[in-house]
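# Topology and contacts: notes
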Amino acid sequence: QVRLVESGGGLVQAGGSLRLSCAASGRTFSRYFMGWFRQSPGKERESVAAISWSGGSTYYADSVKGRFTISRDNAKNAVYLQMNSLKPEDTAVYYCAADQRSWYKFDYWGQGTQVTVSS
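For the structure given in this document, a descriptive report is provided here. Keep in mind that what you see is a predicted model, and the values were worked out from it rather than measured.

This part takes up the environment of Phe-33. If you trace the backbone, Phe-33 turns up in strand β4 (residues 33–39). The buried category is assigned to Phe-33, whose relative accessible area is 16%. Taking C-alpha positions, Phe-33 is 5.3 Å from Trp-53, a pair spaced 20 residues apart along the chain. Residues contacting Phe-33, with those up to four places away along its chain left out, are Ile-51, Ser-52, Trp-53, Arg-72, Ala-97, Ala-98, Asp-99, Gln-100, Arg-101, Ser-102, Trp-103 and Phe-106.

This part takes up the state of the cysteines. Inspection of every chain in the model, using the stated rule, returns one disulfide. Paired through a disulfide, Cys-22 and Cys-96 show a sulfur-sulfur distance of 2.1 Å. Here the S-S torsion is close to -80°, and the disulfide linking Cys-22 with Cys-96 is therefore left-handed. With Cys-22 in strand β3 (residues 18–24) and Cys-96 in strand β9 (residues 92–99), the pair connects residues that are 74 residues apart, well separated along the chain. Each member of the pair Cys-22 and Cys-96 is classed as buried.

Quick notes on the rules
- Residues numbered from 1 in each chain as written.
- Predicted model: local features only at pLDDT ≥ 70, side-chain atom pairs only at ≥ 80, totals over all residues.
- Heavy atoms only, no water.
- Helix = DSSP H or I, 4+ residues; strand = E, 2+ residues; numbered from the N terminus.
- Buried < 20%, exposed > 50% of the residue type's maximum accessible area, 1.4 Å probe, protein only.
- Contact = heavy atoms within 4.5 Å.
- Disulfide = S-S within 2.5 Å.

Here it is, written out as structure tokens:
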């Protein structure tokens, strides 16, 4: 089992940047697929990005390609989401997720961190 804690959210102007971090507990972090999701009021939760065990494979939603970068540091049990060129439509609660089997369905979730982008 793994426990996830997100940080790094906040208020930023459009065009700005934020870096989200997700700290994971557990000794087998390097064997988990990791993902970032987001949910804004009135909308369904959507996948933003995902990364494989080694970091060698990544996935991005079309809406964030070229602006967001997911990375991980297995030595620090952490995964990151660098968000650049932020837009007001990126405003949401961002969640970190983990799963040992794939990045299509995640079993473990963090509590979320709020990102607000002002226009």
